Amino acid sequence: MRRKCAVGATRGPWMALPLILGRRMGRSARGKTVDRVCVRRWLVPAVTAALVASAHGQAGTVREAMAQRMAALDHLMVEFHWFECGAAYGADPLDRSKWRTDGLVQLRKYRAWIVRPWFRLRFSGQFGNERDTDSAWVDGEHVTRQLDDDDTWSVVRDRMERSVTGPLPVGTPLELHVFDFREPLLKLLDEGRIELVSADDTEVVLAGARPPPPAYPASVRAVLDPRRGMLPVEIRVEIEVPNGRGIITYTLRTLASTRVGGVHAIREAILSTTNTAVSRADRIVYHFLAHSIRVDPNLDADTLRVEIPAVNAKIIDEIDLFYRRLDATGKVVAEERWTAEERQHQLAALRETFARAQDADRTLLRRYRSFFLITGASAAVVLAVVGVWGWRRLRLRAT
Amino acid sequence: METLAPAGDVRAARRRLEIRRGLRGIALALLVGVLAWSAGGKLFWPGEFQRLMATWGLIPPKLIPAVAYTVPASELVLAAALVVRRLRVAALFGVLYLAVCFSGIHAFLIWAGTAVPCGCAGLALSFASRPGHIVLLGLSLALALAATLLLFTAPRCSR
């Protein structure tokens, strides 16, 4: 059916209907096909608006579900085992036969109390001489205390959340952090650092490439299971080490979940890390296995706090800037105070030492290469001299 | 018609030859002495030499024990071979290789700013300073130069 399209008001979204139905339409006076005009004016904006609205709606739904999840997993007490071992760089971390238990192996028994975003972690090491440690992150303050061999408490108080978990991604299966992003997925979504990529009945995918502080280029991809209350089934984070030195990759894969507060919490997960910026780019595998996950409505931020001992303690306070040693009667037997500038200088020196230690591996490799280069170059020089010497000898014989 | 060189010229040429031989002998003796001196301490205290090599941070740890024995043993063998006329040329090439290697290592340590005791001139004279490395670099280059000169100024009978 060929029809002329009237100009102006007669062009309406209904003109796009034959196109949707797959029927050919007439041409306008200017020689353009009517369907093109209608598509450009009505269908494309309409479909785009619908898609955007749908995406917003979906994102809103996903966000709501994630917020419900966080609320359900609040005021939580979790007991879990944390096992750490190595694996070859290319090995599948899920393949336990590839785990190397001959090198650096750690097994810790943790107890965690969570009143989001605050938490407290207590662990006891099962191997070696690891001391039992109690740490808390409450109201932007971190306190760690540890009982030393001489029955003296070592206490550190500062504003560094990272000090609670150390370099271990313990907060990730507890859904407190997303590896080096020290925030949960919901906060990353709210801040626009990750976005909804796709969503269906079985899988919700979130991804983004906004850097965590410190601002190294990083990307996150998380796969959630909407049937289990947006349970994270897989998370992958890649961080580029500055100056193109390599990539740090973190992965989490959930193996089992358990129902808590109407949603599924991670009960068992395998986490792994690789870092191509270091000379031994092996994989570190962590096995998270929770024995008990329960909601305790009596928990609040104050119950999470770690008490600073009043006797037999060595206290380093980075907030009030002092070091103090207390004897068995609570008397101060040693004290040192710093200004903010002095402490900054001390910490800068410490950071520099740490950075140097991190670079030591790469420097050593470079130096080993230099050694082989020197011995090879020396051999080349001697061979050249042998050549000249032999040529000269032949010439002398000839004359 | 042939003309004979004057007797004075012949005597002068002979003297020059003797001086040259004397200088070669002194150079050889110095080479032998330096190599034997350098090898001695390293062979007597291999553990100490290995510790020094580890502080360079240049040699992979797995190779350090092997290198710690190979270097002084080579120095000793080369010192002995320099005394034997038939082995002298080969020994001079060996000395040249070692001297160039040592020069390279000292140049690297100077460039890298790592002042470490090296044990090159024997354990007793191991300097842990940049001027020390410069002195030892000069000594290594002098060894290399001496070996090269001895190779290229050898009298016909020994070639």
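Scroll up to find the structure.
Below: a short report on this structure. Quick caveat: nothing in here was measured; it's all calculated off a predicted structure.

### Details of the overall build of chain A
1) Next: What chain A contains, in helices and strands, is six helices and 17 strands.
2) Next: Counted over contacts in chain A with a minimum sequence separation of 6, partners at least 24 positions apart contribute 46%.
3) Next: Summing over all exposed atoms, chain A offers an accessible surface of approximately 22200 Å²; the carbon and sulfur share of this is 55%.

### A short note on the packing of helix α4 (residues 88–112) of chain B against helix α5 (residues 130–152) of chain B
Residue and element names in this part refer to chain B.
1) Next: Viewed as axis vectors pointing N to C, α4 and α5 meet at an angle of 155 degrees, and their least axial separation amounts to 8 Å. Judged by the inter-axis angle, α4 sits roughly antiparallel to α5. α4 and α5 meet at a crossing whose hand is left-handed.
2) Next: Across the contact of α4 with α5, the residue classes tally to 20 nonpolar, five polar and one charged.

### Looking at the packing of helix α1 (residues 7–44) of chain B against helix α3 (residues 64–83) of chain B
Residue and element names in this part refer to chain B.
1) Next: Where α1 contacts α3, the two axes come as close as 8 Å, and the packing angle between them is 150 degrees. With respect to α3, the axis of α1 lies roughly antiparallel. Here α1 runs over α3; the crossing is left-handed. Counting all contacts with α1, which are made through Leu-28, Leu-31, Val-32, Leu-35, Ala-36, Ser-38, Ala-39, Lys-42 and Leu-43, the residues of α3 involved are Val-71, Pro-72, Ala-73, Glu-75, Leu-76, Leu-78, Ala-79, Leu-82 and Val-83.
2) Next: Considered class by class, the residues forming the contact of α1 with α3 number 15 nonpolar, one polar and two charged.

### Brief notes about the side chain of Thr-251 of chain A
1) Next: If you trace the backbone, Thr-251 of chain A turns up in strand β12 (residues 246–260).
2) Next: Separated by 2.8 Å, the side chains of Thr-251 of chain A and Ser-272 of chain A make a polar contact.

### Structural notes on the interface of chain B and chain A
1) Next: Contacts between chain B and chain A engage 23 residues on the former and 19 residues on the latter.
2) Next: When chain B packs against chain A, the two sides together hide about 2000 Å² of surface, and 74% of this comes from carbon and sulfur.
3) Next: Joining chain B to chain A, the criterion identifies zero salt bridges.
4) Next: Linking chain B with chain A are four residue pairs in polar contact (both at pLDDT 80 or more).
5) Next: Of all the secondary structure elements, the ones that give two or more residues to the side of chain B that touches chain A are α4 and α5 of chain B.
6) Next: If one sorts the elements of the side of chain B that touches chain A by residue count, α4 of chain B sits on top with eleven residues.

### Things to note about a negative patch on the surface
1) Next: A grouping of Asp-200, Asp-201, Glu-203 and Glu-234 of chain A is seen on the molecular surface, where their side chains present a negatively charged patch.
2) Next: For Glu-234 of chain A, a relative accessible area of 36% gives the class partly exposed.

### Comments concerning unusual backbone geometry
Residue and element names in this part refer to chain A.
1) Next: Put simply, Arg-116 and Pro-117 share a cis peptide bond, and its omega is 5 degrees.
2) Next: Along the chain, Pro-117 turns up in the loop between β3 (106–115) and β4 (118–125).
3) Next: Of note, His-75 is a non-glycine position whose phi angle comes to about 50 degrees, a positive value.
4) Next: Phi is positive for Glu-175, close to 60 degrees, though the residue is something other than glycine.
5) Next: The residue Glu-175 is located in the loop between α3 (162–165) and α4 (185–190) in this model.

### Quick word on the pairing of strand β5 (residues 133–138) of chain A
All names here are of chain A.
1) Next: Counting buried residues in β5 gives six out of six residues, a clear majority hidden from the surface.
2) Next: Side chains Thr-133, Ser-135 and Trp-137 of β5 all project onto a buried face; the interleaved residues Asp-134, Ala-136 and Val-138 project onto the opposite face, where all are buried too.
3) Next: Hairpin connection, β5 to strand β6 (residues 141–147): the antiparallel pair is bridged by two residues, and Asp-139 has positive phi, about 50 degrees.

### Topic: the packing of aromatic side chains
Residues and elements named next belong to chain A.
1) Next: Applying the stated criterion across every chain yields a total of ten aromatic pairs over all chains.
2) Next: Summarising the aromatic geometry, the rings of Phe-80 and Phe-288 are spaced 4.9 Å apart at their centres and angled 40 degrees between planes, so their arrangement reads as tilted. Taken as a pair, Phe-80 in strand β1 (residues 76–87) and Phe-288 in strand β14 (residues 283–295) lie far apart in primary sequence, 208 residues in all. Phe-288 matches Phe-80 in its accessibility class, with the two residues each being buried.
3) Next: An aromatic cluster is present here, built from Phe-80, Tyr-110, Phe-123 and Phe-288 joined pairwise through their rings.
4) Next: Over the ring of Phe-322 we find Arg-324, and its NZ or CZ is 4.0 Å from the ring centre.

Criteria and thresholds
Residues numbered from 1 in each chain as written. Chains lettered and ligands numbered in written order. Predicted model: local features only at pLDDT ≥ 70, side-chain atom pairs only at ≥ 80, totals over all residues. Heavy atoms only, no water. Helix = DSSP H or I, 4+ residues; strand = E, 2+ residues; numbered from the N terminus. Contact = heavy atoms within 4.5 Å. Areas by Shrake-Rupley, 256 points an atom, 1.4 Å probe, with all protein chains shown as cover. Axes fitted to C-alpha atoms, helices over the stretch in contact; angles between N-to-C directions. Parallel < 35°, antiparallel > 145°, perpendicular 65-115°, else oblique. Left-handed = near helix turned anticlockwise from the far one by under 90°. Nonpolar A, V, L, I, M, F, W, Y, C, P; charged D, E, K, R; others polar. Polar contact = N/O pair within 3.5 Å; in protein donor to acceptor, adjacent residues only side chain to side chain. Buried area = accessible area lost by both parts, 1.4 Å probe. Salt bridge = Lys/Arg side-chain N within 4 Å of Asp/Glu carboxyl O. Patch = residues over 30% accessible without salt bridge, like charges linked within 9 Å, V, L, I, M, F, W, Y side chains within 5 Å. Lys, Arg positive; Asp, Glu negative; His and termini not counted. Charge placed at Lys NZ, Arg CZ, Asp CG, Glu CD. Buried < 20%, exposed > 50% of the residue type's maximum accessible area, 1.4 Å probe, protein only. Pairing = 2+ DSSP bridges. Phe/Tyr/Trp six-rings, centres within 6.5 Å; stacked < 30°, edge-to-face > 60°. Lys NZ or Arg CZ within 6 Å of the ring centre and 35° of its normal.

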